[in-house]
Amino acid sequence: MTINFQYVNLDTSEALTAFTTEKLQSLIKKYDWLINCDVQFKKEHSTKEEGYICSMELSLPGPRIYAISNEKNFEASVKETINDLEKQLKKRKHTFSVK
């Protein structure tokens, strides 16, 4: 699977890229039919503790899967986004196995 990173109005972070790639490996191992993942990081200025946004879009057979999280840091946002993607992938895997 190819992973594309985009940092919106942020400096590129090798540590964050490596962390995200490592976390995505669990999905890659479970779902070998994943084609591509577009990852976007964005910092939103707000009065709340949140504002670190991570969005991911997975390309796979059928419609694409998308998830976004807004947390207190990028690491938490990555974890939450991947959890959301995994829930959607489990449903998609079920539809593949039913046919």
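Residues numbered from 1 in each chain as written. Predicted model: local features only at pLDDT ≥ 70, side-chain atom pairs only at ≥ 80, totals over all residues. Heavy atoms only, no water.

In the annotation of an unreviewed UniProt entry, the entry for the protein chain reads Ribosome-associated translation inhibitor RaiA, and the organism field reads Bizionia algoritergicola.

Moving on to unusual backbone geometry. Even without being glycine, Asn 9 reaches a positive phi, approximately 55°. Within the fold, Asn 9 resides in the loop between β1 (2-8) and α1 (14-30). What makes Asn 9 exposed here is its relative accessible area of 79%. (Helix = DSSP H or I, 4+ residues; strand = E, 2+ residues; numbered from the N terminus. Buried < 20%, exposed > 50% of the residue type's maximum accessible area, 1.4 Å probe, protein only.)

Let's shift gears to the side chain of Asn 36. Among the structural elements, Asn 36 can be located in strand β2 (residues 36-43). Polar contacts involving the side chain of Asn 36 include one to the side chain of Asn 4, which spans 3.3 Å. Among all residues touching Asn 36, those that are not within four sequence positions of it are Met 1, Thr 2, Ile 3, Asn 4, Glu 57, Leu 58 and Ser 59. (Polar contact = N/O pair within 3.5 Å; in protein donor to acceptor, adjacent residues only side chain to side chain. Contact = heavy atoms within 4.5 Å.)

What follows covers the nonpolar core. Judged by nonpolar contacts, the single largest core of 21 residues is most densely connected at Leu 27, Phe 41, Met 56, Leu 58, Val 78 and Leu 89. Elements with a minimum of two residues in this core: α1, β2, β3 (52-59), β4 (65-71) and α2 (74-98). When neighbours within four sequence positions are excluded, Met 56 is seen to be in contact with Thr 20, Leu 24, Cys 37, Asp 38, Val 39, Ile 65, Tyr 66, Ala 67, Val 78, Thr 81, Ile 82 and Leu 85. (Core = buried A, V, L, I, M, F, W, Y, C linked by side-chain atoms within 4.5 Å.)

Before going further, it helps to spend a moment on the packing of aromatic side chains. Enumeration according to the criterion identifies five aromatic pairs in this entry. An angle of 85° between the planes, with centres 5.0 Å apart, marks the rings of Tyr 52 and Phe 74 as edge-to-face. A residue pair is termed long-range when its members are at least 10 positions apart, and Tyr 52 in strand β3 and Phe 74 in helix α2 qualify at 22 residues. The ring centre of Tyr 52 lies 4.3 Å from the NZ or CZ of Lys 43, which sits over that ring. (Phe/Tyr/Trp six-rings, centres within 6.5 Å; stacked < 30°, edge-to-face > 60°. Lys NZ or Arg CZ within 6 Å of the ring centre and 35° of its normal.)

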